[in-house]
Amino acid sequence: MTLETNFLGIHFPNPFLLASGPPTASGAMIINAFKAGWGGAVTKTIGLAPTRLPDPRLRVIKDVRNLRGMVNIELITDMTVDKWAVELDRIRDAFPDRPIIASIMGGGDPYEWQEVIRRLAPHGVKAWEMNVSCPNFAGGRGAHLGQDPECLRPAIEWVKDATDLPVIVKLTPNVTDIVALARVVEECGAAAVTATNTLSGLAGIDLDALAPLPTVGGIGVFGGYSGPAIKPVSLRCVASIAQGAKLPILGCGGIETWKDAAEYVAVGASVVQVCTAIMWQGVEIIDDLTDGLDKYLASHGLESVDALCGRALPRLVTYPSVDMDVILRAQVEPALCIGCGLCVRGCASGGYQAINLVDGLAVIDREECDGCGLCVGLCPTSAIKLTAQAGIARG
Ligand SMILES: Cc1cc2nc3c(=O)[nH]c(=O)nc-3n(C[C@H](O)[C@H](O)[C@H](O)COP(=O)(O)O)c2cc1C
């Protein structure tokens with residue numbers, strides 16, 4: 001069993017890469033993550049001109065129980081290309097075998113893309129990731145460029161003209177049809193796509209100042225939403241690209257655990273990238289990620305990450321293929337029920353009024369239950385499951 005993988009002709013010791021962002025903002029941070037065991041890294045996006053970064057620029061979004069996501073209004077790196085060349089040399093000296101992908105951004109002028117490539121290519125870069133997906137840019141850059149096939153096509157061609165290394169295009173989820181964009185990338189001869197960058201978002205409003213959050217000197221902007229909350233969106237993007245295009249995929253968006261990563265691989269990602277979870281929990285999460293994935297593969301008789309790639313796709317269909325004759329009903333395991341009443345409230349107002357608390361325990365009326373699954377998700381102790389109900393006809 002090995003987590004080693006060959007992707008785009010590049011050897012990765014494991015499929016867990018640092019995504020472009022704060023965890024890859026400097027050579028020292030990348031080296032530190034490599035020491036912890038990360039399999040590769042995509043640098044913070046590098047442009048011909050560095051940007052300044054607003055203070056504050058991060059807003060963690062919480063619900064009553066957990067951290068849910070994070071909106072950032074960050075731009076690209078604040079370091080110059082020449083400084084990055086020095087940083088890349090440091091990383092290569094410390095970890096010559098650990099692949100570095102340089103994230104790059106330009107606009108509508110080929111020089112902006114090609115000059116960055118020319119200056120960084122001699123410094124050990126193994127592939128380029130075109131950032132055409134950051135929602136925090138206007139004026140034909142970032143997501144604005146990546147949402148428009150007419151702008152995207154020439155940009156990919158300029159980059160390809162400037163390099164023989166694999167060109168990866170990082171897509172934005174902020175489009176109606178991400179598969180159409182993936183096909184444009186494919187037609188242009190890029191090597192792979194990363195799906196996805198952040199989802200466009202507005203973190204909130206400061207109700208005293210009546211200003212957007214995060215508030216920078218009294219005003220604010222839309223930002224990019226990341227973290228666990230966006231996983232269903234990014235996972236859907238990866239799965240639909242895997243079904244509708246032939247390009248290899250780097251999965252990204254809300255990955256926190258080995259299970260998240262395995263799910264991305266199961267719907268077609270070859271390797272995965274992580275950003276927010278590292279910012280929240282530290283580079284040390286790599287141990288749980290590699291351990292968990294390794295054990296999962298072994299327990300399912302899968303010899304490599306490749307063997308898992310895309311294995312869930314044949315079961316991902318569209319309506320009307322879903323089998324409406326499967327009839328399920330909720331069932332409570334009394335020993336696990338703590339009588340909190342969350343299922344009762346949810347079922348009363350958002351379900352079928354099928355659950356009551358009797359002597360402090362949830363009791364389900366299977367005649368009234370419609371098998372929607374809400375109570376299963378609300379139960380904090382996993383006391384409820386759905387079981388097959390024979391003899392009930394629908395309708
Ligand atoms: C603060 C912050 C800065 C980011 N900067 C970049 C960037 O410079 N270039 C880029 O391609 N993606 C950038 N991203 C996006 C991440 O690489 C990643 O695509 C996104 O956050 C979703 O993954 P996650 O949920 O694991 O964070 C940034 C994300 C965050 C949170």
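Residue indices follow the written sequence of each chain, beginning from 1 at its first position. In view of the model being predicted, local features appear only for residues whose pLDDT reaches at least 70, and side-chain atom pairs are presented and counted only at 80 or more, with totals across whole chains, interfaces and linings using the full set of residues. Processing note: side-chain calculations cover all non-hydrogen atoms of the structure and skip hydrogens and water entirely.

(A) Summary view of the packing of helix H5 (residues 149-162) against helix H6 (residues 178-187). H6 packs onto H5 with a crossing angle of 30° between their chain directions and a minimal axis gap of 9 Å. Between H5 and H6, the interaxial angle falls into the category roughly parallel. Read as a crossing pair, H5 and H6 show a hand that is right-handed. Here Pro149, Leu152, Arg153 and Ile156 of H5 lie close against H6, whose contacting residues are Leu181, Val184, Val185 and Glu187. Classes in brief: Ala, Val, Leu, Ile, Met, Phe, Trp, Tyr, Cys and Pro nonpolar; Asp, Glu, Lys and Arg charged; the others, Gly included, polar. For the contact of H5 with H6, the residue count by class is six nonpolar, no polar and two charged. Orientation is described by axes fitted as lines to C-alpha atoms, over the contacting stretch for helices, and by angles from 0 to 180 degrees between their N-to-C directions. In DSSP terms, a helix is any run of H or I states spanning at least four residues, a strand is any run of E spanning at least two, and both are numbered starting from the N terminus. Roughly parallel covers angles under 35 degrees, roughly antiparallel covers those over 145, roughly perpendicular covers 65 to 115, and oblique covers all other angles. With the far helix as reference, a near helix turned anticlockwise by less than a right angle produces a left-handed crossing, and one turned clockwise produces a right-handed crossing. By definition in these notes, contact holds between two residues if any of their heavy atoms fall within 4.5 Å.

(B) Up close: the packing of aromatic side chains. Only rings of Phe, Tyr and Trp enter the pairing, Trp through its six-membered ring, and a pair is recorded when the two centres are within 6.5 Å. The plane angle decides the type: under 30 degrees is stacked, over 60 is edge-to-face, the rest tilted. Evaluation of the coordinates by the stated rule reveals two aromatic pairs. Residues Phe34 and Phe95 carry aromatic rings whose centres are separated by 5.5 Å and whose planes lie at 75° to one another, so their mutual orientation is edge-to-face. Here Phe95 lies in the loop between helix H2 (81-94) and strand E8 (100-105) and Phe34 lies in helix H1 (residues 27-36), a separation of 61 residues in the sequence. Aromatic pair Trp258 and Tyr296: ring centres 5.5 Å apart, planes at 35°, arrangement tilted. Taken together, the positions of Trp258 in helix H8 (residues 258-266) and Tyr296 in helix H10 (residues 286-299) put the pair 38 residues apart, joining distant regions of the chain. Residue exposure (1.4 Å probe, protein chains only): buried if accessible area is under 20% of the type maximum, exposed if over 50%, otherwise partly exposed. Residue class for Trp258 comes out partly exposed when judged on its relative accessible area of 24%.

(C) Just the sheet that holds strand E15 (residues 223-226), in detail. One open sheet accounts for four strands, arranged E6-E7-E15-E12; its pairing is antiparallel. Strands with a single pairing partner mark the edges of an open sheet, and in this sheet they are strand E6 (58-62) and strand E12 (199-201). Taking the axes of each pair of neighbouring strands and ignoring which way they run, one obtains an average angle of 35° across the sheet. Should DSSP find at least two bridges between two strands, the strands are regarded as paired. With three bridges connecting them, E12 and E15 associate as antiparallel partners. Bridge pairing links Leu199 to Tyr225 in E15.

(D) Structural context of H6. If you check which residues of H6 are buried, you get Ile178, Val179, Leu181, Ala182, Val184 and Val185. Buried positions along H6 lie against helix H4 (142-146), H5, strand E10 (167-171), strand E11 (192-195) and helix H7 (231-244). With a side-chain oxygen positioned 3.2 Å from the backbone nitrogen of Val179, the residue opening H6 is Asp177. In the segment just after H6, Gly189 is the residue with positive phi, at about 85°. Residues adjacent in sequence count toward polar contacts only when both atoms are side-chain atoms; beyond that, a polar contact is any pair of N or O atoms within 3.5 Å, and within protein one must be able to donate a hydrogen and the other to accept it.

(E) Quick peek at empty space enclosed by the protein. Put plainly, a pocket is an open set of points on a 1 Å grid over the protein atoms alone with protein on both sides within 12 Å along at least five of seven lines, a cavity is a set where a 1.4 Å probe fits but cannot get out, and a lining residue has an atom within 4 Å of a point. Grid points are joined across faces, edges and corners, and a volume is the space filled by probe spheres set on the points. Tallied over the full model, the rule gives four cavities of 30 Å³ or more. A volume near 440 Å³ is recorded for the largest cavity. Counting residues per element, the ones that place at least two in the lining of the largest cavity are strand E7 (67-72), strand E9 (127-131) and helix H9 (276-281). For the lining of the largest cavity, the leading source of residues is H9, giving three residues. When grouped by side-chain class, the residues that make up the lining of the largest cavity number 15 nonpolar, 15 polar and five charged.

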